[in-house]
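One letter stands for each residue in the lines below.
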Amino acid sequence: ATTLPYPRNGIAKVAELKVNEPKGFNYPDEDSFCQVLKTGRQVPGGVGPDGDIVAFSTQCTHMGCPLSYDKNARTFKCGCHFSIFDPEMAGQMVDGQATENLPRILLEHDAADGTLYAVAVEGLIYGRQCNLL
Ligand code: FES
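Enquirer: When you look at the confidence of the model for the chain in this model, what are you seeing that I'm missing?
Expert: Any region with low pLDDT has predicted coordinates that should not be read closely. Summarising the model, the chain shows a mean pLDDT of 96, and 97% of its residues fall at 70 or more. Scoring of the predicted complex yields 0.95 for pTM and 0.99 for ipTM.

Here is the structure:
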């Protein structure tokens, strides 16, 4: 297997995240839109002191439209053709036209100062042949 040279970027502090309120960031480059979310409950792939912080590429895997977060349903939704993705189930596609789950942004938590680092992408970002351009 090839290990791609992903950047290790500080994207947020644990203390600044509010439960159920995603924060946007760009990774692995400025053209790739992502969101980090503190779910408030321990979830698959969750990091941080409560194991509840996850991050995803939030360009729809169907045709690349930007996803928006629905606080009531606790899902990412696409306004273009209504795909729905579950951040508490590792970005699983739960409904709609998309056939791929959301690419996960792998995170590391520095417990010393509470910084969350994006360190890799698992899954292919929409429209790319390779995550690193
Ligand atoms: Fe999102 Fe089609 S672009 S469902």
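Enquirer: Is there a simple way to think about the nonpolar core in this case?
Expert: Note that soluble globular proteins tend to have their nonpolar side chains buried in a common cluster. Within the largest apolar cluster, 19 residues are counted, with the highest numbers of intra-cluster contacts made by Phe-25, Tyr-27, Val-36, Ile-53, Ile-105, Leu-107 and Leu-116. Breaking this core down by element, the ones donating at least two residues are β1 (9-13), β3 (33-38), β4 (53-57), β9 (104-110) and β10 (115-122). The leading source of residues in this core is β10, at four residues. Discounting chain neighbours no more than four positions away, the residues touching Ile-53 are Val-14, Leu-17, Val-36, Leu-37, Lys-38, Gly-45, Gly-46, Val-47, Gly-48, Leu-107 and Leu-116. If you look at the next biggest cluster of nonpolar residues, it comprises 13 residues, including Phe-56, Cys-65, Phe-76 and Leu-102.

Enquirer: Would you take a moment to explain the pairing of β4 for this structure?
Expert: Taken residue by residue, a regular strand's side chains alternate between the two faces of the sheet. The element β4 is extensively covered by neighbouring structure, given that five of its five residues are classed as buried. Neither face of β4 is open: one carries Ile-53, Ala-55 and Ser-57, the other Val-54 and Phe-56, and all of them are buried. By the bridge criterion, five bridges tie β3 to β4 in an arrangement that is antiparallel. Note that in β4 the partner of Lys-38 across the bridge is Ile-53.

Enquirer: Looking at this structure, I do not really get the sheet that holds strand β8 (residues 92-95). What am I missing?
Expert: Hydrogen bonds along the backbone pair up the strands of a sheet, which may run parallel or antiparallel. Within the open sheet, the four strands sit side by side as β5-β6-β7-β8. Their pairing is antiparallel. Pairing within the sheet leaves two strands with one partner each, and these edge strands are β5 (67-70) and β8. Neighbouring strand axes in the sheet, compared pairwise and without regard to direction, differ in orientation by 35° on average. Here β5 pairs with strand β6 (residues 75-78) via four bridges, running antiparallel.

Conventions we followed
- Residues numbered from 1 in each chain as written.
- Predicted model: local features only at pLDDT ≥ 70, side-chain atom pairs only at ≥ 80, totals over all residues.
- Heavy atoms only, no water.
- pLDDT = per-residue confidence, 0-100.
- Core = buried A, V, L, I, M, F, W, Y, C linked by side-chain atoms within 4.5 Å.
- Buried < 20%, exposed > 50% of the residue type's maximum accessible area, 1.4 Å probe, protein only.
- Helix = DSSP H or I, 4+ residues; strand = E, 2+ residues; numbered from the N terminus.
- Contact = heavy atoms within 4.5 Å.
- Pairing = 2+ DSSP bridges.
- Axes fitted to C-alpha atoms, helices over the stretch in contact; angles between N-to-C directions.

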